[in-house]
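What the coordinates show
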Amino acid sequence: MTCWYEGPLAAFDTETTGVDVETDRIVSAALVVQDAPGTRPRVTRWLVNPGVPVPAAATEVHGLTEEHLQRNGRWPAPVMYEVAQALAEQAAVGRPVVVMNAPFDLTLLDRELRRHRASSLDRWFERSPLLVLDPRVLDKHLDRYRKGRRTLADLCAHYEVELEEAHDAAADATAALEVTRAVGRRFASRLERLSPGELHTLQAVWHAAQAQGLQAWFARTGTEEIVDPAWPLRPDLPAAA
């Protein structure tokens, strides 16, 4: 029987106007689908005119200017529908979806669906659950005592995965997919008996523990930042009274 890391995988990534999942917007997204290791992936890209200013700091990261997005991007409402539908199609066939730092990208998508479609991401997976593989969570749990940062670029360097055109949604998604396969192979003795569904459940537990540890470290260093333990999707903020 083929292990999940040697089988079909998809990967999803976004580029955004910033890092606040509640207020920032998606400017590009990509879904990469690979039927087996070494095969040519199928890539779907979306470019979005967010309808809000694009900060210079964001453009410095992904290279997408406000002018370019206004001229070439599509309005968010149809794009968010298509993105959610594409992810739901992966769920329907049971194909795991790799999402690096899943609570960021998936929560942003959820908020965009609420903003532009009066919907939510969960509604798309009522029939078939989305099975998420987050290389950041996996690596941090399986190699927890390794020092250093764990950005996508760091993980690519550690697992010897080539990362071309960093901060391009399709390139980042492809790299995250290959990192996830590499994690699976390196820790095969601990992962090969687990199904993607079991791993999805375990990652929620692992991420919560990782968040708790980070929160404790923040408390010791006097940092006021709050770490959300939810994975792979942060709950919606309650409406203001």
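To be clear, the structure that these remarks concern was listed above.
Bear in mind that the values here come from a model prediction, so they are computed numbers and not experimental data. (Residues numbered from 1 in each chain as written. Predicted model: local features only at pLDDT ≥ 70, side-chain atom pairs only at ≥ 80, totals over all residues. Heavy atoms only, no water.)

Now for the side chain of Arg181. Within the element layout of this structure, Arg181 appears in helix α7 (residues 169-186). Here Arg181 is buried and forms no salt bridge, its nearest opposite-charge partner Glu178 lying at an N-O distance of 4.7 Å. In terms of polar contacts, Arg181 uses its side chain to reach the side chain of Gln34, at 3.1 Å. Setting aside residues no more than four positions away along its own chain, Arg181 makes contact with Trp4, Tyr5, Glu6, Gly7, Pro8, Leu9, Gln34, Ala36 and Pro37. (Helix = DSSP H or I, 4+ residues; strand = E, 2+ residues; numbered from the N terminus. Buried < 20%, exposed > 50% of the residue type's maximum accessible area, 1.4 Å probe, protein only. Lys, Arg positive; Asp, Glu negative; His and termini not counted. Salt bridge = Lys/Arg side-chain N within 4 Å of Asp/Glu carboxyl O. Polar contact = N/O pair within 3.5 Å; in protein donor to acceptor, adjacent residues only side chain to side chain. Contact = heavy atoms within 4.5 Å.)

Taken as a whole and judged by the stated rule, the model has 3 aromatic pairs. Aromatic pair Tyr81 and Trp124: ring centres 5.1 Å apart, planes at 75°, arrangement edge-to-face. Placement of Tyr81 in helix α3 (residues 76-92) and of Trp124 in the loop between α4 (102-117) and β5 (132-133) is noted, with a sequence separation of 43 residues between them. We classify Tyr81 as partly exposed; its relative accessible area is 35%. For the pair Trp217 and Phe218, a centre-to-centre distance of 5.7 Å together with 55° between the ring planes defines the contact as tilted. Taking the relative accessible area as the measure of exposure, Trp217 reaches 44% and is therefore partly exposed. On the basis of relative accessible area, Phe218 is assigned to the buried category, the value being 9%. (Phe/Tyr/Trp six-rings, centres within 6.5 Å; stacked < 30°, edge-to-face > 60°.)

With 60 residues, the main nonpolar core has Phe12, Leu106 and Leu109 as its most contacted residues. For this core, the element with the highest residue contribution is α3, accounting for 8 residues. Contact partners of Leu109, with chain neighbours within four places excluded, come to Phe12, Ile26, Met80, Val83, Leu87 and Leu121. Grouped together as the second largest cluster of nonpolar side chains are 5 residues, Val27, Ala58, Leu64 and Leu69 included. (Core = buried A, V, L, I, M, F, W, Y, C linked by side-chain atoms within 4.5 Å.)

What follows deals with unusual backbone geometry. Omega for the peptide link from Trp231 to Pro232 comes to 0°, which places this bond in the cis form. Here Pro232 shows up in the segment after α9 (196-221). Even without glycine at this site, Ala118 takes up a positive phi of about 50°. Counting through the fold element by element, Ala118 comes out in the loop between α4 and β5. One non-glycine residue, Glu160, adopts positive backbone phi at about 60°.

Under the definition given, this model contains 14 salt bridges. Here Glu82 ties to Arg74 by a salt bridge, and the two come within 2.7 Å at their closest N and O atoms. Take Glu82: its relative accessible area is 29%, and that puts it in the partly exposed class. As a salt-bridge pair, Arg193 and Glu192 come within 4.0 Å of each other at their nearest N and O atoms.

With 18 residues, α7 extends 26 Å from end C-alpha to end C-alpha; this agrees with the ideal 26 Å at 1.5 Å per step. At the N-terminal end of α7, a side-chain oxygen is found 3.1 Å from the backbone nitrogen of Ala170, two or three residues along, and the residue is Asp168. (Expected span 1.5 Å × (residues − 1).)

Looking now at the sheet that holds strand β2 (residues 26-34). The sheet built from 5 strands is open, its strands ordered β3-β2-β1-β4-β5 with mixed pairing. Only two strands of the sheet have a single neighbouring strand rather than two, namely β3 (42-47) and β5. Sheet topology note: the strand β1 (residues 9-16)/β2 ladder contains 8 bridges and is antiparallel. From the neighbouring strand, Glu15 faces β2, where its bridge partner is Ser28. (Pairing = 2+ DSSP bridges.)

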